[in-house]
Structure formats: structure tokens, C-alpha cells
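The lines below spell out each chain.
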Amino acid sequence: MDTVTIEVIRYDPTQDAEPRPQRFVVPTEKGATVQQALMHIYEEQDSSLAFRCGCRYRYCGLCALEVDDKPCLACLTPLKDGQVLKPLRHLPVLRDLVLDRSWVFDTMRNLQLFIPEMEYEELPERIFEPEEHKRLMQCTECLACLATCPYYDYRDASFGGTYTFVKLAQLHFDPRDQTDRVAQARKLGVERCAACRKCQCPLGVPAWKSATSVLLKHASSRRD
Ligand code: FES
């Protein structure tokens, strides 16, 4: 059986002074993914390895991590010899590859990212789905985009980061939404993104083109 050697950066903040690399030799075959290697380690070699996964094929976003410093989804990333697996940067580590995502979702809760119930007569006469909305709805909430954002820091409540702007833009394009999402984006520092454009999504959701830049354009037109 063919094998590859990979390195996982492990860390338990309750016990370790700092993260430490650990090597594993894992079986591989044509089409093998990083996710399969993690499952193999957990089931056959070391069940203390912590990582998340759900759907195992691109829908849930839970398996996001960094492979060779590049944010990606473990279930879509081909397994290769010598890869180094780390948790996504910019969020606190709970253990190994598992992040504390509660910081992000607390921000989300405060933004009321839902459309309140409406009476039939209050609904817009015609509901159509703009192309931008369709593209943004492909976001799997993996949070990998936040790892590509140079400004994002979970301790800084004054800046929302790419994921937040994608969620706000999804609603901005929804004709039933009554909340001023541009005002919310301004409060969360979207104007800092103007000269950056470094955010990326492993699934190709156009976070800059269809979300951040759209919110920015509206925010700039409101500048005093
Ligand atoms: S396990 Fe669901 S997206 Fe990878």
C-alpha cells in the first residue's frame, strides 16, 4: 500500500506552552483527500487528534484548515506527501485543528441576520434573485476567508472581516430585507477593505467582487 508522511500542528492550550508538529504516515490512493488522512489518523493511530468534519463533500464548511499555509477544505484537498496541516489563522484554537468559532457567531447574532416575518401584503410585488445573491449563497460558512483577511482579529469588535461582509451582502441583495446592511457594514469597518482585496474563498465565492466591494460602493456614496 502507498503511504505519505504529513505533519499536523497540534496544540492544546490547556496543556501545551506552544503548538508542536507531529508526523504521521498514512495510507494513500488515487483521489485520496486530506480529510481521509485525518480520519485514518483518528481511527487507526491517535484518537486524541481533534478536527471537525461533517458532510465530507463541500457543503458544511466544518473541515476548513490550512494546508501548507493555504486556507482550504480538507474534504476537497488532494492528499500529498510532505503537507503541513494547521488550524485556520486569526481565530483561537480550542484543540489541534478545532477553532473556537463562537467569536464570529456572536457578532452574527448581534446583526440580526434574518428577515422578520412579513404579512403577505407587505411582500415586494416581484421577488427575483440577483446573480450576486446566488453566488454569495454558495458560502458554506467555513470561515476560511477570515484567514486570508489581513485585518481580521477576533478580539477587535470594530472590524467584521470578510465572512461578516458576505453575510451582510447576502441580505443587502434580498428585496425582503428591511435592515440597513450598508450601515452595519460601515460600523464594522468595511471601509478598511478599500485598498486591500486580499480576501479569498476556497470555493470561489466572489467575496470581494459581490460582497465587500458592493457594500463599500454604497458606503462611499454616504460619506459626509
Ligand atoms: S466536511 Fe463538509 S465541507 Fe468538508
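Residues numbered from 1 in each chain as written. Predicted model: local features only at pLDDT ≥ 70, side-chain atom pairs only at ≥ 80, totals over all residues. Heavy atoms only, no water.

Core analysis: the largest hydrophobic core is formed by 61 residues, its most contacted members being Ile-6, Leu-38, Leu-65 and Phe-165. Per-element tally for this core: the top contributor is helix α7 (residues 207-221), with 7 residues. When we break this core down by domain, the ones giving at least three residues each are domain 1 (3-99) and domain 2 (102-221). If we ignore the near neighbours within four places in the chain, the residues touching Leu-38 are Leu-49, Phe-51, Leu-65, Ala-74, Leu-85 and Leu-97. (Core = buried A, V, L, I, M, F, W, Y, C linked by side-chain atoms within 4.5 Å. Buried < 20%, exposed > 50% of the residue type's maximum accessible area, 1.4 Å probe, protein only. Helix = DSSP H or I, 4+ residues; strand = E, 2+ residues; numbered from the N terminus. Domains from an automatic or database assignment. Contact = heavy atoms within 4.5 Å.)

Moving on to the packing of aromatic side chains. By the definition in use, this model includes 6 aromatic pairs. A ring pair is formed by Tyr-42 and Phe-51, whose centres lie 6.1 Å apart and whose planes are at 85°; its orientation type is edge-to-face. Look at Phe-51 and you get buried, because its relative accessible area is 16%. Residues Tyr-151 and Phe-159 carry aromatic rings whose centres are separated by 6.0 Å and whose planes lie at 75° to one another, so their mutual orientation is edge-to-face. On the basis of relative accessibility, which here comes to 36%, the residue Tyr-151 falls in the partly exposed class. (Phe/Tyr/Trp six-rings, centres within 6.5 Å; stacked < 30°, edge-to-face > 60°.)

One number sums up the size of the largest pocket: a volume of about 230 Å³. The wall of the largest pocket is formed by 16 residues, among which Trp-103, Thr-107, Tyr-154, Asp-156 and Ala-157 lie closest to the centre. Sorting elements by how many residues they give to the lining of the largest pocket places helix α2 (residues 102-111) first, with 6 residues. Across the lining of the largest pocket, the residue classes tally to 9 nonpolar, 4 polar and 3 charged. Each pocket or cavity is described by its volume, and for the second largest pocket that value is around 170 Å³. In terms of lining, the second largest pocket is formed by Lys-70, Pro-71, Cys-72, Leu-73, Leu-76, Thr-77, Thr-148, Gln-200, Cys-201, Pro-202 and Leu-203. In the lining of the second largest pocket, the residues fall into 7 nonpolar, 3 polar and 1 charged. Viewed by domain, the lining of the second largest pocket spans two of them, domain 1 (3-99) and domain 2 (102-221), each represented by three or more residues. (1 Å grid on protein atoms, 1.4 Å probe; cavity = no way out; pocket = protein on both sides within 12 Å on 5 of 7 lines; lining within 4 Å. Points joined across faces, edges and corners; volume = space filled by probe spheres on them. Nonpolar A, V, L, I, M, F, W, Y, C, P; charged D, E, K, R; others polar.)

This paragraph deals with the sheet that holds strand β2 (residues 20-27). Strand order in the open sheet made by the 5 strands is β2-β1-β5-β3-β4, with mixed pairing throughout. Of all strands in the sheet, those with a lone pairing partner are β2 and β4 (70-73), marking the two edges. Averaged over neighbouring strand pairs, the angle between their axes works out to 35° when direction is ignored. As defined by bridge partners, strand β3 (residues 64-67) adjoins strand β5 (residues 84-86) across 2 bridges and the pair is classed as antiparallel. Following the sheet pairing, Glu-66 is matched in β5 by Lys-86. (Pairing = 2+ DSSP bridges. Axes fitted to C-alpha atoms, helices over the stretch in contact; angles between N-to-C directions.)

Here the protein is described as being made up of domain 1 (3-99) and domain 2 (102-221). Of note, the centres of domain 1 and domain 2, computed from C-alpha atoms alone, are 28 Å apart. Between domain 1 and domain 2, the contact holds 15 residues from the first and 14 residues from the second. Interface area, domain 1 with domain 2, both sides summed: about 1200 Å², of which 71% is carbon and sulfur. Put simply, domain 1 and domain 2 have 0 salt bridges between them. Sorting the residues of the side of domain 1 that touches domain 2 by element identifies β3 and β4 as the ones contributing at least two each. (Buried area = accessible area lost by both parts, 1.4 Å probe. Salt bridge = Lys/Arg side-chain N within 4 Å of Asp/Glu carboxyl O.)

Before going further, it helps to examine the pairing of β4. As judged from the 4 bridges shared by β3 and β4, these two strands associate in the antiparallel manner. When the sheet's bridge partners are listed, Glu-66 is paired in β4 with Pro-71. Adjacent in sequence and paired antiparallel, β3 and β4 are bridged by 2 residues, among which Asp-68 carries a positive phi angle near 50°.

One way to put it is that helix α5 (residues 162-172) packs onto α7 with a least axis distance of 9 Å and a crossing angle of 75°. One element, α5, and the other, α7, form an angle in the roughly perpendicular class. When α5 is examined against α7, the residues Thr-162, Phe-165, Val-166, Leu-168, Ala-169 and His-172 are found in contact with a partner set consisting of Ala-207, Ser-210, Ala-211, Thr-212, Val-214, Leu-215 and His-218. When the residues that make up the contact of α5 with α7 are grouped by side-chain class, the tally is 8 nonpolar, 5 polar and no charged. (Parallel < 35°, antiparallel > 145°, perpendicular 65-115°, else oblique.)

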